[in-house]
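The residues making up each chain are set out below.
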Amino acid sequence: MKSGKYRLFDLSETPYHLPLDKDSVSIDNARMSYAHHLPTAHDACFVRAYAKINLTLDVLDKRADGYHELATVMQTVDLYDTICLSASDDERVQVICTDPALSGADNLVARAALAVRQRLTLTRGVVIELHKRVPVAAGLGGGSSDAAAVLRALRHWWRLPLSEADLFAIAASLGSDVPFFLHSGLALCHGRGEQVTQLSPRWPLAMRWLLLLKPAISLSTAQVYRDLSSLDYTDGTHSRAMRAALETGSEPESADLHNCLERGVLARYPEVARARQAFLQAGARLVRLSGSGPTLFAPFAELAQAAEVQQKLQAQGYELHLTRPVYPDNEITLL
Ligand code: C5P
């Protein structure tokens, strides 16, 4: 397994093939298995990687490079992966994940660490332990958020001479959503998603709680974009209206919670259409697709109502996450 001049190992090659031990202790104080066995202090670093939802996703056009030109308003929510970076006594970049399918060199967090090292011609090794909670390939940006968290954490922990512009350039090379997650919170994003304008919201009470439903399928973002019809394109009007509403504290119009990818996803994937119907029947007023799906979200003013809908849907076997918007201050814990 080769990547550039650095050799990467997957879990089966590491001597640290230990089960991660976080479920028995509080999430915030969790010590991951590898870090737990380190002899010295200040040689590990914890960071959280939050999920996002897309309040709007306007697709404006198809670009010559194959990507689509977007205007999208994204918001981070309090559903997160926990990442622990530990010093390694060799030059390897190792990834150990609670989901074994995500361990190893293909994970975007490994590519993030390698990109930083290549940029600064470093050879320092690192073990990246990843406690996954954000559903994968779900339209919630989990992989992108993990990668951004590793970029921020490495810069802080290794005291790297990387400017904000350097970090954004590395992030954009890893994926369209990665730059958004460098600061998280609420942002309007343009281009293929990598041009980020931070927004200061006055979040409407009617959307205080955000209930997420993850249908039991995973979708490929590339495939969802390939299936898009030019009839689904918009001129960015929903994202502009959403920005104006959120910056003035007024409730956005339902029609402006618009995702151009939703029509195609509902038409092609009956599981998602059925889940949407179930969500509405359980009492959600408004249900929208996040990103390229399949996760659906519904806003609620009252916790009791959101919890009631959550319970009804869980009883039907659906995976639900009851969340609220978060504005992480990019906390990084050095141990
Ligand atoms: O940038 P990222 O790797 O996350 O994108 C995954 C795929 O989604 C791209 O290869 C592309 O097919 C599609 N995409 C797109 N337009 C965007 C973002 C992603 O067509 N703005």
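Counting of residues starts from 1 at the beginning of each chain's written sequence and follows it residue by residue. For this predicted model, a pLDDT threshold of at least 70 governs which residues receive local features, and a threshold of 80 or more governs which side-chain atom pairs are given and counted, while totals over whole chains, interfaces and linings are taken from all residues. Side-chain metrics rest on all non-hydrogen atoms present in the structure, leaving aside hydrogens and water.

### Examining the overall build of the chain
Inference 1: What the chain contains, in helices and strands, is ten helices and 13 strands.
Inference 2: We call a residue buried when its accessible area falls under 20% of the maximum for its residue type, exposed when it is over 50%, and partly exposed in between, using a 1.4 Å probe and counting protein chains only. By residue count, 56% of the 335 residues in the chain fall in the buried class.
Inference 3: For the chain, long-range pairs separated by at least 24 residues make up 75% of all intrachain contacts whose partners lie at least 6 apart in sequence.
Inference 4: Each accessible area value is a Shrake-Rupley result obtained with a 1.4 Å probe; residue values ignore everything except the protein chains displayed when judging cover. For the chain, the accessible area works out to roughly 14,300 Å², and carbon and sulfur atoms hold 50% of it. Helical segments are the DSSP runs of H or I of at least four residues, strand segments are the runs of E of at least two, and each set is numbered from the N terminus. In what follows, a contact means two residues having at least one pair of non-hydrogen atoms within 4.5 Å.

### Notes on the sheet that holds strand E12 (residues 319–323)
Inference 1: When DSSP finds two or more bridges between a pair of strands, those strands are recorded as paired. If you walk across this open sheet you meet the four strands as E10-E11-E9-E12, and the pairing is antiparallel. Each end of this open sheet is capped by a strand with a single partner; those strands are strand E10 (288–289) and E12.
Inference 2: What counts as an axis is a line fitted to C-alpha atoms, over the stretch in contact for a helix, and the angles between N-to-C directions run from 0 to 180 degrees. Sheet strands touched by helix H10 (residues 303–315): strand E9 (209–214), strand E11 (296–300) and E12. Its angle to E12, the strand with the most contacts, is close to 170°.

### Focus: the confidence of the model for the chain
It should be kept in mind that the predicted coordinates are not to be read in detail where pLDDT is low.
Inference 1: One confidence number per residue, pLDDT, is output by the predictor and ranges from 0 to 100. With 87% of its residues at a pLDDT of 70 or more, the chain has an overall mean of 89.
Inference 2: Below pLDDT 50 for its whole length, residues 1–31 participates in 66 contacts with residues either more than four positions away or in separate chains.

### Some thoughts on the packing of helix H2 (residues 108–120) against helix H3 (residues 142–157)
Inference 1: At a minimum axis distance of 8 Å, the contact between H2 and H3 shows a crossing angle of 35°. Between H2 and H3 the crossing geometry is right-handed. For the pair H2 and H3, the contacting residues are Leu108, Val109, Ala112, Ala113 and Val116 in the first and Gly143, Ser144, Asp146, Ala147, Val150, Leu151 and Leu154 in the second.
Inference 2: Charged residues are taken to be Asp, Glu, Lys and Arg, nonpolar residues to be Ala, Val, Leu, Ile, Met, Phe, Trp, Tyr, Cys and Pro, and polar residues to be all remaining types, Gly included. Broken down by class, the residue content of the contact of H2 with H3 amounts to nine nonpolar, two polar and one charged. Here a crossing is taken to be left-handed if its near helix is turned anticlockwise relative to the far helix by less than a right angle, and right-handed if that turn runs clockwise.

### Here's the deal with the packing of aromatic side chains
Inference 1: Side-chain rings of Phe, Tyr and Trp (the six-membered ring for Trp) are treated as a pair once their centres are within 6.5 Å; stacked means planes under 30 degrees apart, edge-to-face means over 60, and tilted covers the remaining angles. Following the criterion strictly, the structure yields three aromatic pairs and no others.
Inference 2: Over the aromatic face of Trp157 sits the side chain of Arg124, whose NZ or CZ is 5.8 Å from the ring centroid.
Inference 3: Arg192 extends its terminal NZ or CZ atom over the ring of Tyr67, reaching a point 5.1 Å from the ring centre. Only lysine NZ and arginine CZ atoms are considered, and such an atom sits over a ring when it is within 6 Å of the ring centre and within 35 degrees of the ring normal.

### Here we look at the site of the ligand
Inference 1: Residues are classed as near a molecule or strand on a simple rule: at least one heavy atom within 4 Å of it. Around the ligand, the surrounding shell consists of Gly66, Tyr67, His68, Leu70, Gly175, Ser176, Arg192, Thr221, Ala222 and Tyr225.
Inference 2: Any pair of N or O atoms that falls within 3.5 Å is considered a polar contact. Within protein, one atom must be able to donate a hydrogen and the other to accept it, and sequence-neighbouring residues count only if both atoms are side-chain atoms. Here a nitrogen atom of the ligand and a backbone polar atom of Arg192 are 3.0 Å apart.
Inference 3: Contributing elements (two or more residues each) for the shell around the ligand: strand E4 (68–87) and helix H6 (221–226).
Inference 4: In terms of residue class, the shell around the ligand is built from four nonpolar, five polar and one charged.

### Quick look at the environment of Ser218
Inference 1: You can see Ser218 is positioned in the loop between E9 and H6.
Inference 2: Along the chain, Ser218 and Ala137 lie 81 residues apart, while their C-alpha atoms are 5.3 Å from each other.
Inference 3: Discounting chain neighbours no more than four positions away, the residues touching Ser218 are Val136 and Ala137.

### With respect to the pattern of salt bridges
For side chains bearing opposite charge, pairing can occur when the charged atoms are close.
Inference 1: Here a salt bridge means any side-chain nitrogen of Lys or Arg lying within 4 Å of a carboxyl oxygen belonging to Asp or Glu. Evaluation of the coordinates by the stated rule reveals 14 salt bridges.
Inference 2: Put simply, Arg263 and Asp232 hold a salt bridge, and the shortest N to O gap is 2.7 Å. Residue Arg263 is located in helix H8 (residues 262–268), and its partner Asp232 is located in the loop between H6 and helix H7 (237–248); the two are separated by 31 residues in the primary sequence.
Inference 3: A salt bridge links Glu308 to Lys312, with the nearest nitrogen and oxygen atoms 3.6 Å apart. With a gap of four residues between them, Glu308 and Lys312 both fall in helix H10, about one helical turn apart.
Inference 4: Look at the salt bridges and you will find they share partners, linking Arg63, Asp65 and Glu69 into a network.

### Considering helix H9 (residues 270–281)
Inference 1: A helix's residues, less one, multiplied by 1.5 Å, set its expected span. End to end, H9 covers 16 Å across twelve residues, agreeing with the expected 16 Å (1.5 Å per residue, within 8%).
Inference 2: Listing the buried residues of H9 in full gives Val272, Ala275, Ala278 and Phe279. Angularly, the buried residues of H9 cover 120° about the axis, an arc narrow enough to put them on a single face. Opposite its buried face, H9 presents the exposed residues Arg274 and Gln281, each directed more than 90 degrees away.
Inference 3: Two residues or fewer past H9, Gly283 is found with a positive phi of approximately 125°. Relevant arc is that of directions from the helix axis to the C-beta atoms, nothing else.

### Points about the pairing of strand E6 (residues 126–131)
Inference 1: In terms of burial, E6 is a largely internal element, six of the six residues being buried.
Inference 2: Of the two faces of E6, the one lined by Val126, Ile128 and Leu130 and the one lined by Val127, Glu129 and His131 are each fully buried.
Inference 3: Sheet topology note: the E4/E6 ladder contains six bridges and is antiparallel. When the bridges of E6 are listed, Ile83 appears paired with Leu130.
Inference 4: By the bridge criterion, five bridges tie strand E5 (residues 93–97) to E6 in an arrangement that is parallel. Across the sheet, residue Val93 finds its bridge partner in E6, namely Val126.
Inference 5: A crossover connection joins E5 to the parallel E6 through H2; in handedness this β-α-β unit is left-handed. With the strands pointing away from the viewer, any crossover whose connection runs clockwise from the first strand over the helix to the second is right-handed.

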